[in-house]
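Here's the letter readout for the chains.
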Number of protein chains: 2
Amino acid sequence: MSETAPTISADETLEATTLASRTFDSIKADIIDGELAQGTKIVESDLALKYGISRGPLREAIHRLEQIKLIVRIPHAGSRVITLDTRMMEDIYIARESLEGMAARLAARLMPENEIRALSALLDQHEAAIGETEGKAYFQREGDIDFHYRIAVASKNQWILENLNGELYQLIRMCRRQSGQIPTRAQTALDQHRQIAAAIARRDEELAEILMRRHISGAWEIVKKILEDQHD
Amino acid sequence: MSETAPTISADETLEATTLASRTFDSIKADIIDGELAQGTKIVESDLALKYGISRGPLREAIHRLEQIKLIVRIPHAGSRVITLDTRMMEDIYIARESLEGMAARLAARLMPENEIRALSALLDQHEAAIGETEGKAYFQREGDIDFHYRIAVASKNQWILENLNGELYQLIRMCRRQSGQIPTRAQTALDQHRQIAAAIARRDEELAEILMRRHISGAWEIVKKILEDQHD
DNA sequence: CAGACATGAATTGTCAACAATGTTAGCTAA
DNA sequence: TTAGCTAACATTGTTGACAATTCATGTCTG
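Residues numbered from 1 in each chain as written. Chains lettered and ligands numbered in written order. Predicted model: local features only at pLDDT ≥ 70, side-chain atom pairs only at ≥ 80, totals over all residues. Heavy atoms only, no water.

1. Points about the interface of chain B and chain A
Alright, step 1. In this complex, chain B contributes 32 residues to the contact, which on the side of chain A involves 32 residues.
Alright, step 2. Considering only the surface of chain B that becomes buried against chain A, Gln 67, Met 102 and Trp 159 of chain B emerge as the three largest contributors, covering 23% of it.
Alright, step 3. Taken together, the connections running from chain B to chain A amount to eight salt bridges.
Alright, step 4. In this structure, the salt-bridge partner of Lys 69 of chain B is Glu 162 of chain A, at a minimum N-O distance of 3.5 Å.
Alright, step 5. Counting the contacts that link chain B with chain A gives 17 residue pairs in polar contact (both at pLDDT 80 or more).
Alright, step 6. Secondary structure elements with two or more residues in the side of chain B that touches chain A: helix H3 (55-67), helix H4 (86-110), helix H7 (158-178) and helix H9 (205-230) of chain B. (Contact = heavy atoms within 4.5 Å. Buried area = accessible area lost by both parts, 1.4 Å probe. Salt bridge = Lys/Arg side-chain N within 4 Å of Asp/Glu carboxyl O. Polar contact = N/O pair within 3.5 Å; in protein donor to acceptor, adjacent residues only side chain to side chain. Helix = DSSP H or I, 4+ residues; strand = E, 2+ residues; numbered from the N terminus.)

2. Digging into unusual backbone geometry
Alright, step 1. Although it is not a glycine, Lys 156 of chain A adopts a positive phi angle of roughly 60°.
Alright, step 2. With respect to the helices and strands, the residue Lys 156 of chain A is situated in the loop between helix H6 (137-154) and helix H7 (158-178).
Alright, step 3. Lys 156 of chain A sits in the partly exposed class, given a relative accessible area of 37%.
Alright, step 4. Notably, Arg 203 of chain B is not glycine yet its phi reads approximately 60°, a positive angle.
Alright, step 5. Following the sequence through the fold, Arg 203 of chain B ends up in the loop between helix H8 (186-201) and H9. (Buried < 20%, exposed > 50% of the residue type's maximum accessible area, 1.4 Å probe, protein only.)

3. Some remarks on the sheet that holds strand S2 (residues 71-74) of chain A
Residues and elements named next belong to chain A.
Alright, step 1. Read across the sheet, three strands follow the order S1-S3-S2 without closing on themselves; strand pairing throughout is antiparallel. For this open sheet the edge positions go to strand S1 (41-42) and S2, each flanked by a neighbour on one side alone.
Alright, step 2. Sheet analysis places S2 next to strand S3 (residues 78-81), joined by four bridges and oriented antiparallel. Residue pairing for S3: Ile 74 is matched across the bridge by Gly 78. (Pairing = 2+ DSSP bridges.)

4. Focus on the protein's contact with DNA strand C
Alright, step 1. DNA strand C sits among 17 residues. The nearest are Ile 42, Arg 55 and Arg 59 of chain A together with Thr 18 and Leu 19 of chain B.
Alright, step 2. What you see for DNA strand C is that sugar and phosphate hold 74% of its atoms within 4 Å of the protein.
Alright, step 3. Contacts to DNA strand C include Ile 42 of chain A, whose backbone N or O atom sits 3.0 Å from a phosphate oxygen.
Alright, step 4. Between DNA strand C and the protein, one listed contact pairs a phosphate oxygen with a side-chain N or O atom of Thr 18 of chain B at 3.0 Å.
Alright, step 5. For the surface near DNA strand C, the elements supplying multiple residues, two or more each, are helix H3 (55-67) of chain A together with helix H1 (19-32) of chain B.
Alright, step 6. The class makeup of the residues in the surface near DNA strand C is eight nonpolar, five polar and four charged. (Near = heavy atom within 4 Å. Nonpolar A, V, L, I, M, F, W, Y, C, P; charged D, E, K, R; others polar.)

Below, the structure is given as structure tokens:
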């Protein structure tokens, strides 16, 4: 088992050295977990009390959340937790498709051989995990994240990496949460991951990009369908 | 002359209602114009004095600049103006290539006929401007921005639009500034713009994306060459 | 009864003082 | 002379009070 990858992180500064930073992480988690429901009005003094800090650092946390687009803010009027409608979710998935497609292309060009082997090993693990009981759904999701994370890293493009692991990653998590998750897709996703990994191993940039884009737009189609069913 | 497009803006809130917001705009401009040189150490109290405000709002402005990646900040240690090396610039251009390629694809799918005609008219203007004296270089740059801006808008993708006009746009401006600008590319760029517009008019998504990506990666190649010559 | 205006309460924006942290220069000792 | 420690300084992080703005309520007028 290759325990190289630190699961996710990159901005989940565990040992956050500043109050604002810690609070930012807390609120972010609360929003993504649905603790703070979408559309909730945010009152600075209330939240400051709740998190046991003063308004200064809390304000900084809110501003950062605004930049990550988890919160919308209107000057002098206050801020609310974002509300994800279908339209917004489509925008996010399309942006991710574009960026992660490019990441796959770059990975095919730049990923070192040993990392490619590690990627392949990771997929073997997933294969095994799927064989076992369905209860491993949680692990599978972690695995999916791991796969995409490694490719983003392999792109060696700082801007793309930061955006995928920062803003877009959080939003995608909210999208998934809202659609209640997809269990049946495990095998399909793994197959697609395999094909992408193969294209990268073959150094076929064009194919790696195309396959990644299909993979993500396919994921969106499913999420979209679930959402449509919910609303009928 | 179609005066529909407000040149740039989108986040250049002219009538910024808050001190922090205005200061944010000011500092941003100062950094891009080179008023605050790259790598400059930023001392909160000094800047607060310089801009005639207290540290509170200034701090907010700095945080926002950090999110836009115009400033790097180390907790408890202070912040500096970003320093763009070739590597970082390449990352930025590649990200832009990816996102704006996707925007062109979406524009080919979604742009209304009348906007397509307006786009064509805009290019006619540029044609005329190029015929005149070279002094119109400034206008040409504005025109280039206009063209790309309209396509980003036509993508109707909020996430892509915000990123292109926010973070990426500022950084690209700094890159261009650093390389001292390219005068000879005017006609080439216009030709490419024409081809892209034609692909969009034909609703050829695939081609629109490919041409836009070539257009941007071509721009990067030139900037890159200039930078390499500078350092030898 | 409807709509506009004024008033006050609630909330955000700004400020200046205080606490905590990082940095640097000078001193001591090996 | 230099490595390591110490203490003073500079700078950032945090706080609570104050000012400005918005929003809601209720009253008054047509």
